[in-house]
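The chain contents come next:
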Amino acid sequence: MQRITPDQTYPLFNTEATRRLEQAMAAQLAPHTLMQRAGLAVAQLAQAIAPHARTIWIACGPGNNGGDGLEAAHHLARAGRKVVISWLGTTETLPPDARQSWEKARHCANIEWADTPPTDLTGQDLCIDALLGIGVRSSTRPTPSAPTHDTVLAQWLAQLRSSAAPVLAVDVPSGLDADTGQYAPGLEPATHSAAAKPGTAQHTLSLLTLKPGLFTAHGRDAAGQVWWHDLGATAETGLNHEPPTAWLAGPPPRGGRLHASHKGSYGDVAVVGGEGLALRGMGMTGAALLAGSAALHGGAGRVLVSLLDQDQATEIHTQPELMLRRFEALELESLSVVCGCGGGQAVRTVLPAVLQRAQALVLDADALNIISTDGALQQALTARSARQHPTVLTPHPLEAARLLHTTSAQVQAHRLMAARELAKKFQCTVALKGSGTVIAHPDDIPHINPTGNGSLATAGTGDVLAGLLGAGLAAGMMPLQAAIRAVFAHGQVADAWPLDEPLTAGALARRIKIG
Ligand SMILES: NC(=O)C1=CN([C@@H]2O[C@H](COP(=O)(O)OP(=O)(O)OC[C@H]3O[C@@H](n4cnc5c(N)ncnc54)[C@H](O)[C@@H]3O)[C@@H](O)[C@H]2O)[C@@H](O)CC1
Ligand SMILES: Nc1ncnc2c1ncn2[C@@H]1O[C@H](COP(=O)(O)OP(=O)(O)O)[C@@H](O)[C@H]1O
Ligand SMILES: [K+]
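Residues numbered from 1 in each chain as written. Chains lettered and ligands numbered in written order. Predicted model: local features only at pLDDT ≥ 70, side-chain atom pairs only at ≥ 80, totals over all residues. Heavy atoms only, no water.

The chain carries the name Bifunctional NAD(P)H-hydrate repair enzyme in an unreviewed UniProt entry, which gives Acidovorax temperans as its organism. Per its UniProt entry, the chain bears the Subunit (unreviewed entry) comment "Homotetramer." (UniProt positions renumbered as here; feature names shortened; annotations may be inferred.)

So this is what it looks like as structure tokens:
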């Protein structure tokens, strides 16, 4: 069993791939072996995280996820723990594996069966959520189950989510789609706003495989600390027969700098953005300066800032290391350009030249919005790949939706798919930002970033990411590697942020330490 932390890369498998692996493995093993291993692993983790739990309430659903819970109940009861089971299944519809575990639990003298879950649980107890696993139906079509079943399921889910006792979720937090990190319709937590985090699992034990939905969209909030037990798959069948659906990114290799290096060794970044007050009464020069600062701290040899407001440009005294340049004075052919941060409408005029000439390019914010409305710019963007000019797009979900001509809800509903689609459409690398940023490159397996947290949801942190990425490209990194590295480091700084200090984008840029 492994505790998942951002210190190594892990393969992630969606439901379809997990089911294939499960079948391949089950074919080599005696019947019921996988569920026995799963139940034992759940019981072992329960004992480890709540060694003194007075009562262990196990909510068991009608399928094999419930079977894992029943199997765990048997082990916990035999270990002398006080176990209360609430079971939602019926003997007629019970899958064969779950039936065996149900019979085992039935024959355990010291298990209490309760149709009404205990209401007096405290922090001294433990809940095990074995209601729904990867079999959750995410479509809105009516379920064949009886209406009472659904009502009881909803009640027990609500009870788990609001319990004062910690929750250990079996395989996935019930109701969460293991592929997308979205909740199945009707199974969302009642309070679902950023400011009032819904009660969710403190721990999730993912079985056989790690699933992408645990690490992106609502997955991080829903799952808490993720653990993984491969049920013997790596040794017995070799998970490597099945290509992963995605990778959970690990830390980039440590570089270090050659002693005999100079600023030219790390390349030049040019930040083009920052519409001034004069054009539309909206000053956004800060965004470009944030990107510049991040590029500098990210290790770029030199950082040139070309503000799209010539009058203000000479009056800004920020970091003296940043060199101001008129756009016309930039030698785009030899630069890694970060374009769009605070670009407003002013960035429109420079985009054709940037797309045509920049050696390497990061496109963010307003540059993306303008490209999404202009077919000629889209063609120019796509054409860069044939000239071997690396390009990385860093959209947040709404910017991605504009580029794909869809809604941000649709993007969020399938983040992996949306990032891949964008990468394919424009033949470039894409970092689709948000909780569990997805990094995709045409024809490559996408990566989900494991670092970062909600404190990054503040103005300007995206500009910092764009600048940092520009530094990686300037140093000659391949765009996919540069994007993985930048997104990881950006989140890592936020994860190490002192609790008593507010995270602001400017301070974030200054704390970046790579290169
Ligand atoms: N895949 C594997 O390798 C293994 C799977 N195991 C367990 O088996 C689970 C998968 O089992 P199943 O395929 O039986 O699926 P689940 O037990 O996850 O869910 C299926 C049951 O839930 C009901 N259900 C689904 N969506 C619903 C909804 N929206 N509203 C109300 N009821 C709903 C279905 O009618 C069905 O009865 C895994 O998550 C894991 O816990 C383990 O036992 C061992 C190995
Ligand atoms: N909950 C979160 N977990 C991890 N990263 C986050 C989270 N919320 C925001 N971020 C990161 O913060 C940055 C915000 O960027 P963006 O939305 O472009 O804001 P802005 O344009 O104001 O800079 C992105 O890198 C995003 O991935
Ligand atoms: K579950």
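Caption draft 1: Geometry of the site of ligand 1. Close to ligand 1 lie 22 residues, the nearest being Asn64, Asn65, Asp68, Gly133 and Asp171. In this structure, Arg19 approaches ligand 1 through a side-chain N or O atom, which is 3.0 Å from an oxygen atom. Backbone polar atom of Arg137 to a nitrogen atom of ligand 1: 2.9 Å apart, as the coordinates give it. When ligand 1 sits alone it has 870 Å² of accessible area, and the protein chains cover 88% of it. Looking at the shell around ligand 1 residue by residue, the class counts come to 10 nonpolar, 6 polar and 6 charged. (Near = heavy atom within 4 Å. Polar contact = N/O pair within 3.5 Å; in protein donor to acceptor, adjacent residues only side chain to side chain. Areas by Shrake-Rupley, 256 points an atom, 1.4 Å probe, with all protein chains shown as cover. Nonpolar A, V, L, I, M, F, W, Y, C, P; charged D, E, K, R; others polar.)

Caption draft 2: Molecular detail of the coordination of the potassium ion (ligand 3). Looking at the potassium ion (ligand 3), the protein donor atoms are Asn65 (OD1), Asp129 (O), Leu132 (O), Val170 (O), Val172 (O) and Ser174 (OG), and they sit 2.6 to 3.0 Å from it. Viewed at the metal, the 6 donor atoms of the potassium ion (ligand 3) are separated by angles of 67 to 173°, and the geometry they form is irregular. Sequence spacing among the residues donating to the potassium ion (ligand 3) works out to N-x63-D-x2-L-x37-V-x1-V-x1-S. With a gap of 42 residues between them, Leu132 in the loop between strand 6 (126-130) and helix 5 (147-162) and Ser174 in the loop between strand 7 (167-170) and strand 8 (203-207) connect regions that are remote in the sequence. (Donors = N, O, S within 2.8 Å, 3.2 Å for Na, K, Ca; no water. Tetrahedral: all angles 85-135°; square planar, octahedral: opposite > 155°, others 65-115°. Helix = DSSP H or I, 4+ residues; strand = E, 2+ residues; numbered from the N terminus.)

Caption draft 3: Summary view of the side chain of Ser86. You can see Ser86 is positioned in strand 4 (residues 82-87). On the accessibility criterion, Ser86 (0% relative accessible area) is buried. Here the side chain of Ser86 touches Ala114 through a polar contact of 2.8 Å, landing on its backbone oxygen. (Buried < 20%, exposed > 50% of the residue type's maximum accessible area, 1.4 Å probe, protein only.)

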